[in-house]
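Structural overview for review
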Amino acid sequence: MSTGVRGTASTTAVATIVLIVLTALALRTPFTAVAPLLEGIQRDLGVSTTFGGVLTTLPVVCLGVFAFVAPRLRQRFGDERVLLGCLVVLLVGNSVRALGPAWTLLAGTVVVGAGIAVANVAVPGLIKRDFAERVPVLTAVHTVCMTLGGALAASLVVPVGRALDSAWRLPLGLVAVPVLVALLIGAAVPRAAAAPATGSAVLWRVPLAWQVTAFMGTQSSMAYVVFGWLPTMVQARGLSPAAAGFALGVQAAVQAVGSLAVPLLCRRFRDQRGIAVALAALIALGFAGVLLAPAPGGVWTAVVLLGVAQGAAFGLAVTLFGLRSPDSSTTAALSGMAQGAGYLLAAAGPLLIGLLRDLTGGWTAPLVLLLGICAAMAVAGLLAGRPVQLDRSARDASA
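Every value quoted in this text rests on a predicted model; they were computed, and no experiment measured them.

Put simply, the protein chain has an average pLDDT of 83, and 92% of its residues get 70 or more. The model gives residues 395-399 a pLDDT under 50, and that stretch makes three contacts with residues more than four places away or in other chains.

One way to put it is that helix α7 (residues 102-130) packs onto helix α8 (residues 135-163) with a least axis distance of 9 Å and a crossing angle of 150 degrees. When the axes of α7 and α8 are compared, the pair comes out roughly antiparallel. When the axes of α7 and α8 are compared, the crossing they make is right-handed. Of the residues in α8, those in contact with Asn 120, Val 123, Ile 127 and Lys 128 of α7 are Val 135, Leu 138, Thr 139, His 142 and Met 146. Taken together, the residues of the contact of α7 with α8 sort by class into five nonpolar, three polar and one charged.

This next bit is on the nonpolar core. Counting residues in each nonpolar core, the largest one holds 99 residues, and the members touching the most others are Val 234, Ile 283, Phe 287 and Val 290. Not counting residues within four places of it along the chain, the set of residues in contact with Val 290 comprises Leu 230, Met 233, Val 234, Arg 237, Val 299, Ala 302, Val 303 and Leu 306.

One side chain can pair with another of opposite charge once the charged atoms of both are near each other. Under the counting rule described, the total for this entry stands at four salt bridges. Residue Asp 44 is joined to Arg 169 by a salt bridge in which the shortest nitrogen-to-oxygen separation is 3.7 Å. Taken together, the positions of Asp 44 in helix α3 (residues 34-45) and Arg 169 in helix α9 (residues 169-173) put the pair 125 residues apart, joining distant regions of the chain. A relative accessible area of 44% places Asp 44 in the partly exposed class. Take Arg 169: its relative accessible area is 27%, and that puts it in the partly exposed class. Arg 129 is paired through a salt bridge with Asp 130; the nearest N and O atoms lie 2.7 Å apart.

The next thing to look at is the state of the cysteines. Applying the stated rule across the entire model yields zero disulfides. In this structure Cys 62 is not part of a disulfide, and its nearest cysteine sulfur, from Cys 86, lies 13 Å away. Of the residues examined, Cys 62 reaches a relative accessible area of 4% and is grouped as buried.

Here the focus is the packing of aromatic side chains. In total, this model carries five aromatic pairs according to the counting rule given. Pairing Phe 68 with Trp 204 gives two aromatic rings, centres 5.8 Å apart and planes at 40 degrees, and the pair type is tilted. One end of the pair, Phe 68, is in the loop between α4 (49-67) and α5 (70-77); the other, Trp 204, is in the loop between α11 (200-203) and α12 (207-236), with 136 residues separating them in the sequence. Assessed through its relative accessible area of 37%, Phe 68 is described here as partly exposed. Joined through ring pairs, the aromatic side chains of Phe 68, Trp 204 and Trp 210 make up one cluster. Lying over the aromatic face of Phe 314, Arg 28 brings its terminal NZ or CZ to 5.1 Å of the ring centre.

Once that is clear, we can look at α3. Taking 1.5 Å per residue as the helical rise, α3 with its twelve residues ought to reach 16 Å, whereas the 14 Å between its terminal C-alpha atoms falls clearly short. Just beyond α3, the residue with positive phi is Gly 46, at close to 65 degrees.

With that settled, the discussion passes to the environment of Leu 279. Topologically, Leu 279 is positioned in helix α14 (residues 273-292). Given the relative accessible area of 8%, Leu 279 is considered buried. Taking the C-alpha atoms as reference, Leu 279 lies 22 Å from Leu 344; in sequence the two are 65 residues apart. Look past the residues within four positions of Leu 279 in its chain and what remains in contact with it is Ala 309, Ala 312, Ala 313, Leu 316 and Met 377.

Attention now goes to unusual backbone geometry. Cis geometry marks the peptide bond from Ala 295 to Pro 296, where omega comes out at 0 degrees. Position of Pro 296 relative to the elements: it lies in the loop between α14 and α15 (297-323). The backbone phi angle of Asp 165 is positive, close to 55 degrees, even though this residue is not glycine. Checked against the element boundaries, Asp 165 lands in the loop between α8 and α9.

Below, the discussion takes up a nonpolar patch on the surface. A cluster of nonpolar residues, Val 14, Val 18, Leu 164, Leu 170, Leu 174, Val 177, Leu 180, Val 181, Leu 184 and Ile 185, forms a patch on the protein surface that exposes about 820 Å² of accessible area. Secondary-structure elements contributing two or more residues to the nonpolar patch are α1 (3-27) and α10 (176-186). With five residues, α10 is the single largest residue contributor to the nonpolar patch. Among the secondary structure elements, Leu 180 is positioned in helix α10. Its relative accessible area of 38% is what places Leu 180 among the partly exposed residues.

Now for the packing of α5 against helix α6 (residues 79-97). Two numbers describe how α5 lies on α6: the axes approach to 7 Å, and their chain directions differ by 120 degrees. With respect to α6, the axis of α5 lies oblique. Residue-level inspection shows Leu 73, Arg 74 and Phe 77 of α5 in contact with α6, the latter providing Asp 79, Arg 81 and Val 82. Looking at the contact of α5 with α6, its residues break down into three nonpolar, no polar and three charged.

Another point: helix α18 (residues 364-384). Relative to the 30 Å expected for 21 residues at 1.5 Å per residue, α18 spans 30 Å between its end C-alpha atoms, a close match to the ideal helical length. Along α18, the residues classified as buried are Pro 366, Leu 367, Leu 370, Ile 373, Cys 374, Met 377, Ala 378, Ala 380, Gly 381 and Ala 384. On its buried side, α18 packs onto α12, α14, α15 and α17 (348-360).

Conventions used here
- Residues numbered from 1 in each chain as written.
- Predicted model: local features only at pLDDT ≥ 70, side-chain atom pairs only at ≥ 80, totals over all residues.
- Heavy atoms only, no water.
- pLDDT = per-residue confidence, 0-100.
- Contact = heavy atoms within 4.5 Å.
- Axes fitted to C-alpha atoms, helices over the stretch in contact; angles between N-to-C directions.
- Helix = DSSP H or I, 4+ residues; strand = E, 2+ residues; numbered from the N terminus.
- Parallel < 35°, antiparallel > 145°, perpendicular 65-115°, else oblique.
- Left-handed = near helix turned anticlockwise from the far one by under 90°.
- Nonpolar A, V, L, I, M, F, W, Y, C, P; charged D, E, K, R; others polar.
- Core = buried A, V, L, I, M, F, W, Y, C linked by side-chain atoms within 4.5 Å.
- Buried < 20%, exposed > 50% of the residue type's maximum accessible area, 1.4 Å probe, protein only.
- Salt bridge = Lys/Arg side-chain N within 4 Å of Asp/Glu carboxyl O.
- Disulfide = S-S within 2.5 Å.
- Phe/Tyr/Trp six-rings, centres within 6.5 Å; stacked < 30°, edge-to-face > 60°.
- Lys NZ or Arg CZ within 6 Å of the ring centre and 35° of its normal.
- Expected span 1.5 Å × (residues − 1).
- Patch = residues over 30% accessible without salt bridge, like charges linked within 9 Å, V, L, I, M, F, W, Y side chains within 5 Å.
- Areas by Shrake-Rupley, 256 points an atom, 1.4 Å probe, with all protein chains shown as cover.

What follows is the structure in structure tokens.
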């Protein structure tokens, strides 16, 4: 290969990494920005607590529903075009959320959820296509940037709102700024050809694909319980509302530590079963500490533990898409299935926690449910973490 060709390939790889990083920074901020502003939204729009529950659950449902269309879009337009299209959708959705009445807030949330769902599926396929030998490392970069973007949004929207004398509209609208930056810079990334089709329907008959999906769904369920309920949980333990919002920001920020640990662990252990079970146990310990440990020290320790473990669990779940697949098309198909079905499963978590809290008036029953989800995550991890790939499983299923 000539020096010019190598230089072009290197430049394209760097540009692709830049696109992955910028997209990741914009993918979690629309979700984490809402919870700290929810009280102001309800007061300003005169909506009920039920509306607030719908607003926080709707994005998770959208992640599940719209993930199913992502592999088809990728096959038609290619990864880079799909990601740029997702950024346009995010820009529109974030802007609409901040401009109108309650119905536009919900409509914008659906649009945002659609863009994030498709991008979530496209990125693992892009990583597998261009960086097949570095899937854990590039996946860690992606998840760390998502985590940091979400943490910054959770921590800054309330202070920014106070500085701008806006209860929620301006700070929520400003979430569109990193999306706009990503779109402007990402437009310069070279476009590759559309991806070849893969028999994604076959995956629905493959046990290994369902095992990866179950691991994705259980860890996501607990992640969205944290997004929706952690501030309420820690306030029940005696922390102030301001400290509760800060706890959510801390939990989101330290997820980066867990995400960074995933490539190191995957490089050392070809079999990921032990990692998955350990993370399920740490998440269970984290939730138990938040609700039972002595306050405030034990609660803060549990918040940090929960953040690190959940960051690693999410990183491992996304990494499994590439590790269990032989090529980028299968990776995207598995990502679409696991995130589609997984996020639909995850949407039930926050709703069930709220229902149990209302029925019992305490946190014992919700904690028992969370520990049960952790046990299910451990079982799914024992199966999905085996060092096998989908190509052989798919042939067996279709034979």
